[in-house]
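Below, each chain spelled out in residue letters.
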Amino acid sequence: MIQAKDLVKRFGEKTALQAMNITIQQGSIYGLVGTNGSGKSTFLRLVSGVYYPDGGSIQIEGKDVFEQEALKDKIFFIPDELYFLPQSTVEDMAQFYAAQYSGWDWKYYRKLSKIFPINTKGRLNTFSKGMQRQAAILLALSARCSYLLLDEAFDGVDPVIRGAVRRIVADEAAQRNITVVISSHNLRELEDLCGHIGLVHNGVVLFSQELDELKLGFCKVQAAFRPEREIKEFIGLSIMQYEKRGSLFSMVVKGNSAQVLEYLEQFQPVFAEALPLTLEEVFIHEMEEVGYDYNNIVF
């Protein structure tokens with residue numbers, strides 16, 4: 001389990017994380033989303049032990065991470081900006097990580113090398129961004145760590161390989177009970193892979209929730225009424241956004257679809273339907289509700 005309590009990280013006068021609290025259960029695939037500069041990457045660097053906290057604590061399995069060699073043997077972090085040894089090949093980096101990680105699995109590395117369409121003997125500095133990402137993911141999976149931290153790890157990777165990686169990561173989490181934390185702006189990708197989601201903004205977690213529960217808490221409603229109704233009549237609904245065209249209402253509502261439709265029945269609608277929101281729509285409306293400019297979020 002990964003647990004942050006009142007976690008603080010500063011860089012000079014800038015506070016990147018301020019009293020951040022979050023718990024990520026063992027064996028979960030957890031997605032981190034939020035505004036640019038919200039603190040997601042800083043959090044992952046604290047989890048991996050790259051940074052030392054300026055306040056609070058960050059622990060894995062109940063132990064502080066920083067300068068804990070035994071814990072770091074269980075963690076593989078793929079940062080947003082990749083680094084490889086100068087002039088190294090994928091094979092060179094495999095040799096390097098095999099010496100660093102006690103769980104390194106050469107058999108698994110060879111198996112994965114057949115899945116990723118990259119030349120493991122080619123120099124990494126000649127690879128495209130997407131190919132370098134593939135190499136990093138190949139190396140990370142081969143280390144067979146208990147904690148896999150991915151910061152925009154799929155950026156630039158083609159859809160076929162992204163699909164393969166999602167399947168491999170899901171299988172690893174299920175079969176080996178590894179914990180995966182993914183920071184990404186691609187909410188559609190997280191929606192397909194993650195079981196839990198956390199929204200980070202200005203160095204704090206606005207909420208952390210199971211994905212299915214989160215999506216069930218919102219719905220898009222279309223309903224028509226004869227005679228026409230006014231929005232102020234629906235005082236029993238938590239309406240986040242609405243548009244009225246004649247007798248037709250289009251609304252985004254906080255609440256379970258079935259309960260919302262049951263409430264509207266008292267107004268005898270000509271018709272009414274409710275659909276779940278996508279993860280992207282959920283976050284846009286959540287950010288709007290707390291007063292943040294969602295136009296600054298990259299999806």
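Everything below is about the structure printed above this text.
None of the values given here were measured: they were computed from a predicted structure. Going along each chain's sequence as written, the residues are numbered from 1 onward. Residue-level local features of this predicted model are given only where pLDDT is at least 70; pairs of side-chain atoms are given and counted only at 80 or more, and the full residue set underlies all totals for whole chains, interfaces and linings. The basis for every side-chain value is the complete set of non-hydrogen atoms in the structure, without hydrogens or water.

Trainee: Can you lay out the sheet that holds strand β6 (residues 75-78) for me, pointing to particular residues and giving the numbers?
Mentor: Within a sheet, each strand pairs with its neighbour through backbone hydrogen bonds, oriented either parallel or antiparallel. Read from one edge to the other, the open sheet built from six strands follows the order β6-β7-β8-β3-β9-β10, with strand pairing classed as mixed. Here the strands that pair on one side only, and so sit at the sheet edges, are β6 and β10 (204-210). On average, each strand axis in the sheet is inclined to that of its neighbour by 15°, with strand direction left out of account. Whether two strands pair depends on DSSP finding at least two bridges between them. Helix and strand definitions follow DSSP, with helices as H or I runs of at least four residues and strands as E runs of at least two, each counted in order from the N terminus. The sheet contact formed by strand β9 (residues 196-201) and β10 spans six bridges and is antiparallel. Within β10, the residue paired with valine 200 across the bridge is valine 205. In the packing of helix α5 (residues 129-142) onto the sheet, the strands contacted are β6 and β7 (147-151), and the crossing angle to β6 comes to about 175°. Helix axes are fitted only over the stretch in contact, all axes being lines through C-alpha atoms; the angle between N-to-C directions runs from 0 to 180 degrees. By definition, residues are in contact when any of their heavy atoms lie within 4.5 Å.

Trainee: Would you mind going over the pairing of strand β12 (residues 238-245) in detail, with residue names and values included?
Mentor: Bridge analysis of β12 against strand β13 (residues 248-254) gives seven bridges, and the strand direction is antiparallel. Looking at the pairing, tyrosine 242 lines up with methionine 251 of β13. Between β12 and β13, which pair antiparallel one after the other, the connecting turn spans two residues, and glycine 246 there sits at a positive phi close to 65°.

Trainee: Quick rundown of α5? Include the residues and the values.
Mentor: Helices are assigned an expected span. That span is 1.5 Å times one less than the residue count. Taking 1.5 Å per residue, 14 residues should reach 20 Å; α5 reaches 20 Å between its end C-alpha atoms and fits that length. α5 sits mainly inside the fold: 11 of its 14 residues count as buried. Buried within α5 are the following residues: Gly130, Arg133, Gln134, Ala135, Ala136, Ile137, Leu138, Leu139, Ala140, Leu141 and Ser142. Of the surrounding secondary structure, the elements contacted by the buried residues of α5 are β6, α3 (90-100), α4 (106-113), β7 and α6 (159-176). Positive backbone phi, at 55°, marks arginine 144, one or two positions downstream of α5. Think of it in three bands: residues with accessible area under 20% of the maximum for their type are buried, residues over 50% are exposed, and the middle band is partly exposed, with areas taken using a 1.4 Å probe on protein chains only.

Trainee: Tell me about the packing of aromatic side chains, residues and numbers included.
Mentor: Here the aromatic set is Phe, Tyr and Trp, taking the six-membered ring for Trp, and pairing holds for ring centres within 6.5 Å; pairs whose planes are under 30 degrees apart are stacked, those over 60 apart are edge-to-face, and all others are tilted. Inspection of the entire model under this criterion finds 14 aromatic pairs. Measuring from ring centre to ring centre gives 5.0 Å for phenylalanine 234 and phenylalanine 267, while their planes differ by 85°; the resulting arrangement is edge-to-face. Linking phenylalanine 234 in the loop between β11 (218-225) and β12 with phenylalanine 267 in the loop between α9 (257-264) and β14 (269-276), this pair joins segments that are 33 residues apart in sequence. For the pair phenylalanine 234 and phenylalanine 267, a shared accessibility class is recorded, and that class is buried. An aromatic cluster is defined as three or more aromatic residues linked by ring pairs; in this entry it consists of Phe225, Phe234, Phe249, Tyr263 and Phe267. By definition, being over a ring means that NZ of Lys or CZ of Arg is both within 6 Å of the ring centre and within 35 degrees of the ring normal. Looking at lysine 9, its charged tip hangs above the ring of phenylalanine 11, at a distance of 5.5 Å from the centre. If you follow arginine 144 out to its NZ or CZ, it ends over the ring of tyrosine 108, 4.0 Å from the centre.

Trainee: I'd like to hear about a nonpolar patch on the surface, residue by residue, with values.
Mentor: The residues that make up patches have over 30% relative accessible area and no salt bridge, and they are joined within 9 Å when like-charged or within 5 Å when they are Val, Leu, Ile, Met, Phe, Trp or Tyr. For every accessible area listed, the method is Shrake-Rupley and the probe measures 1.4 Å; residues are considered covered only by the protein chains on display. When a carboxyl oxygen of Asp or Glu lies within 4 Å of a side-chain nitrogen of Lys or Arg, that pair is called a salt bridge. Together, Tyr83, Leu85 and Phe96 make up a nonpolar patch on the protein surface, roughly 300 Å² of accessible area in all. Counting through the fold element by element, leucine 85 comes out in the loop between β6 and α3.

Trainee: Give a detailed account of helix α1 (residues 40-47), specifying residues and quantitative values.
Mentor: A large share of α1 lies buried, amounting to seven of its eight residues. What α1 keeps buried is the set Lys40, Thr42, Phe43, Leu44, Arg45, Leu46 and Val47. After α1 finishes, the residue glycine 49 shows a positive phi value of roughly 85°.

Trainee: Lay out the sheet that holds strand β4 (residues 55-60) with the relevant residues and their values.
Mentor: The four strands lie next to each other as β2-β1-β4-β5, forming an open sheet whose pairing is antiparallel. The open sheet is flanked by β2 (14-24) and β5 (63-64), the only strands paired with a single partner. The pairing of β4 with β5 spans two bridges and is classified as antiparallel. Looking at the pairing, glutamine 59 lines up with aspartate 64 of β5.

Without other data, these values stay purely geometric and don't point to any function.
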